[in-house]
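Now for the letters of each chain:
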Amino acid sequence: MLVDIGKVAQRTGLAPSALRFYERRGLIQSCARRGLRRLYDEVALDRLALIVSAQRVGFTLAEIEVVLHLQPKDAQLRQQLSLKVDELGERIVELQYMQRLLRHTVRCTSPSLLACPAFRRGVRALQRPKPGEQPETTPALATVPGKRKRRP
């Protein structure tokens, strides 16, 4: 089944100009034309789904090109992807940590977030060390109780 550029744009939420741009970069290919309108097949739709998903999690177009053009025996490209896997793992850990920090802030009874010691420790823990620096050791936010004890 072939789908014209307008319907592909509707399905993906991408502008037709973005689809043409991706085609110029070799990320997708149109299969045919109906008049001046490009037609795309299921393979192109699958590739677009990958592009949109990968961009959403922080891949650059250059990194997406690596994924889309990967050949089974290309060790150098596989190594690049392995580094990206590690980077995504670090980002997942950061996002999960931020999620726990936000959950804490929803339940926190401190007068302000900056008055909350757990929040301040959590924010400091999110800061990445500069190259060559050792990361600060901060207890994981998961150990911070969800509710503060009330003072008598």
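Scroll up to find the structure.
I will try to describe carefully the structure that is included in this document. (Residues numbered from 1 in each chain as written. Predicted model: local features only at pLDDT ≥ 70, side-chain atom pairs only at ≥ 80, totals over all residues. Heavy atoms only, no water.)

In an α-helix, one turn spans 3.6 residues; hence positions three or four apart end up facing the same way. The set of residues buried in helix H6 (residues 117–126) consists of Ala 118, Phe 119 and Gly 122. Here the buried residues of H6 occupy an arc of 100° about the axis, which is enough to place them on one side. Against the buried residues of H6 lie helix H5 (75–107). (Buried < 20%, exposed > 50% of the residue type's maximum accessible area, 1.4 Å probe, protein only. Helix = DSSP H or I, 4+ residues; strand = E, 2+ residues; numbered from the N terminus. Arc of directions from axis to C-beta. Contact = heavy atoms within 4.5 Å.)

Looking now at helix H3 (residues 42–56). Between its first and last C-alpha atoms H3 spans 21 Å; for 15 residues at 1.5 Å apiece the expected length is 21 Å, and the two agree. Among the residues of H3, Ala 44, Leu 45, Leu 48, Ile 51, Val 52 and Ala 54 are the ones counted as buried. As for H3, its buried residues are in contact with strand E1 (3–4), helix H1 (5–12), helix H2 (16–24), strand E3 (37–40) and helix H4 (61–68). Structurally, the start of H3 carries an N-cap: the backbone nitrogen of Val 43 is 3.2 Å from a side-chain oxygen of Asp 41. Trailing H3 by a residue or two, Gly 58 shows a phi angle of about 105°, which is positive. (Expected span 1.5 Å × (residues − 1). Polar contact = N/O pair within 3.5 Å; in protein donor to acceptor, adjacent residues only side chain to side chain.)

Take the nonpolar core next. Generally speaking, a soluble globular protein has its nonpolar side chains buried in company with each other. Ranked by internal contacts, the top residues of the largest apolar core, which has 21 residues, are Leu 19, Tyr 22, Leu 48 and Ile 51. Those elements giving two or more residues to this core turn out to be H1, H2, H3 and H4. Top element by residues in this core is H3. It accounts for 6 residues. Ignoring anything within four residues of it in the chain, the contact list for Leu 19 reads Ile 5, Val 8, Ala 9, Leu 14, Ile 28, Tyr 40 and Leu 48. Grouped together as the second largest cluster of nonpolar side chains are 5 residues, Leu 101, Cys 116, Ala 118 and Phe 119 included. (Core = buried A, V, L, I, M, F, W, Y, C linked by side-chain atoms within 4.5 Å.)

The next point concerns the packing of aromatic side chains. If you walk through the whole model with that rule in mind, you get 1 aromatic pair. Seen from their ring centres, Phe 21 and Tyr 22 are 6.1 Å apart, and the 55° between their planes marks the pair as tilted. (Phe/Tyr/Trp six-rings, centres within 6.5 Å; stacked < 30°, edge-to-face > 60°.)

Here we take up the pattern of salt bridges. Applying the stated criterion across every chain yields a total of 5 salt bridges. Put simply, Glu 63 and Lys 84 hold a salt bridge, and the shortest N to O gap is 3.0 Å. Remark: Lys 84 occurs in helix H5 and Glu 63 occurs in helix H4; sequence separation between them is 21 residues. Relative accessible area serves as the criterion here: at 6%, Lys 84 is assigned to the buried category. By sharing partners, the salt bridges in this structure join Glu 63, Lys 84 and Glu 87 into a single network. (Salt bridge = Lys/Arg side-chain N within 4 Å of Asp/Glu carboxyl O.)

Moving on to the sheet that holds E3. Read across the sheet, 3 strands follow the order E1-E3-E2 without closing on themselves; strand pairing throughout is antiparallel. Of all the strands in the sheet, the pair left with one neighbour each is E1 and strand E2 (32–34). The pairing of E2 with E3 spans 3 bridges and is antiparallel. Of the residues in E3, the one forming a bridge with Arg 33 is Arg 38. (Pairing = 2+ DSSP bridges.)

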